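Spelled out, the chains give:
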Amino acid sequence: MFENLSERLSGVLDRLTKQGALSEEDVKTALREVRVALLEADVSLPVAREFIKKVEKEATGQAVTKSVTPGQQVVKIVHDALIETLRGSEDPGALKIDNPPAPILMVGLQGSGKTTTTAKLAKRLKERDGKKVLMASLDVNRPAAMEQLAILGQQIGVDTLPIVKGEDPVAIAKRAKTQASLGGYDVYMLDTAGRLHIDADLIAQAAAVRDVANPRETLLVVDGLTGQDAVNVATEFDDKIGVSGVVLTRMDGDGRGGAALSMRAVTGKPIRFVGLGEKMDAIETFEPERIAGRILG
Ligand code: GDP
């Protein structure tokens, strides 16, 4: 669907430069194409602009090695800069789960893939790290969501907190904590309620649960296909609740991954995992290289 950026650049740039260094003019010409590629990949305009500015400074005057064309050289510079922006200082897959039982708070909008991601991560913690995990649904307004988590728990062999009708989310969080301590669990995951939009009630509820649970990680689940919306959601959740990391779901779809760059650049929050399908194994640690490749096409 999209023309590969390297091909596009070799068209415009390789006609220009024959000498040994990238001139300002060449870089500008090339970066016009890069900007289009970023926008096509759903990177937001301010983030794309900022990124281009940074790369322009870096690339101008750089020597072009004999083995590559100027176009390839610019692509490499852009690629490296993308990875640098996407990569945080921390190891994305390393969740803070020492001091058992460690609470993990899962937040996000309804339909983002929060419950599925909770179960996927629980399975991963159990199988990869040998952790004993307890999951609890706090979505008291949607009994179907509570049922869904229980069904997923059975499917993956991870315990869920028994459902008690009429309990409020804070009481459920407290019961999960007690159960996790008594039952010798390493981790307990709190799947908070989702709504279609962020509203005061949703935030108040998540904040109240956060205050009693004192989570080691607060992971925000967002739909990676929603582009700028995903970034707005993350900004708001981070302002109001404070998040320690982001999980981007639906990265198996045909989105080009630009939301990841905007997410990182705007919120500064690390992307920890990506969801790659509906199955329980379809989750991976975030890899900047992969997303950079996808953004550049
Ligand atoms: P919640 O309302 O946020 O808890 O969302 P759910 O966990 O119920 O997920 C909503 C739908 O999205 C379900 O049909 C999931 O199977 C699907 N889903 C979740 N994560 C992914 C993903 O990474 N890729 C794809 N293709 N589908 C996903």
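Structure: above.
Being a predicted model, the structure only gives us computed values, none of them experimental.

About the thresholds
Residues numbered from 1 in each chain as written. Predicted model: local features only at pLDDT ≥ 70, side-chain atom pairs only at ≥ 80, totals over all residues. Heavy atoms only, no water. Helix = DSSP H or I, 4+ residues; strand = E, 2+ residues; numbered from the N terminus. Buried < 20%, exposed > 50% of the residue type's maximum accessible area, 1.4 Å probe, protein only. Lys, Arg positive; Asp, Glu negative; His and termini not counted. Charge placed at Lys NZ, Arg CZ, Asp CG, Glu CD. Core = buried A, V, L, I, M, F, W, Y, C linked by side-chain atoms within 4.5 Å. Contact = heavy atoms within 4.5 Å. Pairing = 2+ DSSP bridges. Near = heavy atom within 4 Å. Polar contact = N/O pair within 3.5 Å; in protein donor to acceptor, adjacent residues only side chain to side chain. Areas by Shrake-Rupley, 256 points an atom, 1.4 Å probe, with all protein chains shown as cover. Nonpolar A, V, L, I, M, F, W, Y, C, P; charged D, E, K, R; others polar.

Outline the overall build of the protein chain, supporting the account with residue identities and numerical values.
Within the protein chain one finds eleven helices and eight strands. A principal-axis box enclosing the C-alpha atoms of the protein chain has dimensions of 75 × 40 × 30 Å. Taken across its 297 residues, the protein chain has 50% of its residues classed as buried. Across the protein chain, the mean location of the 39 positive side-chain charges is 2 Å away from that of the 42 negative side-chain charges.

Can you break down the nonpolar core residue by residue, with the values?
Residues Leu38, Leu190, Phe237 and Leu248 are the most contacted members of the largest nonpolar core, which totals 68 residues. If one sorts the elements of this core by residue count, helix H4 (residues 70–86) sits on top with eight residues. Leave out the neighbours within four places in its chain, and Leu248 touches Val222, Gly224, Ala260, Met263, Ile271, Phe273, Val274 and Gly275. Grouped together as the second largest cluster of nonpolar side chains are 23 residues, Ala102, Ala119, Ala122 and Leu125 included.

Tell me about the sheet that holds strand E5 (residues 217–223), and name the residues and values.
Spatial strand order, E3-E2-E4-E1-E5-E6-E7-E8: eight strands in an open sheet with mixed pairing. Edge positions in the sheet fall to strand E3 (159–160) and strand E8 (283–285), since each of these pairs with one other strand and no more. Of the pairings in the sheet, the one linking strand E2 (residues 133–137) to strand E4 (residues 187–191) comprises five bridges and is parallel in character. Residue Met135 lies in a different strand from E4, and its bridge partner there is Met189.

Any chance you could break down the site of the ligand for me, citing the residues and the numbers?
Taken together, the neighbourhood of the ligand is formed by 18 residues, with Gly111, Lys114, Thr116, Arg250 and Asp252 sitting nearest. With respect to the ligand, the side chain of Arg250 contributes an N or O atom lying 2.6 Å from an oxygen atom. Here an oxygen atom of the ligand and a backbone polar atom of Gly275 are 3.2 Å apart. Protein burial of the ligand: of its 580 Å² of free accessible surface, 82% is covered by the chains. At four residues, helix H5 (residues 114–129) tops the list of elements feeding residues into the shell around the ligand. Its residues placed into classes, the shell around the ligand shows two nonpolar, ten polar and six charged.

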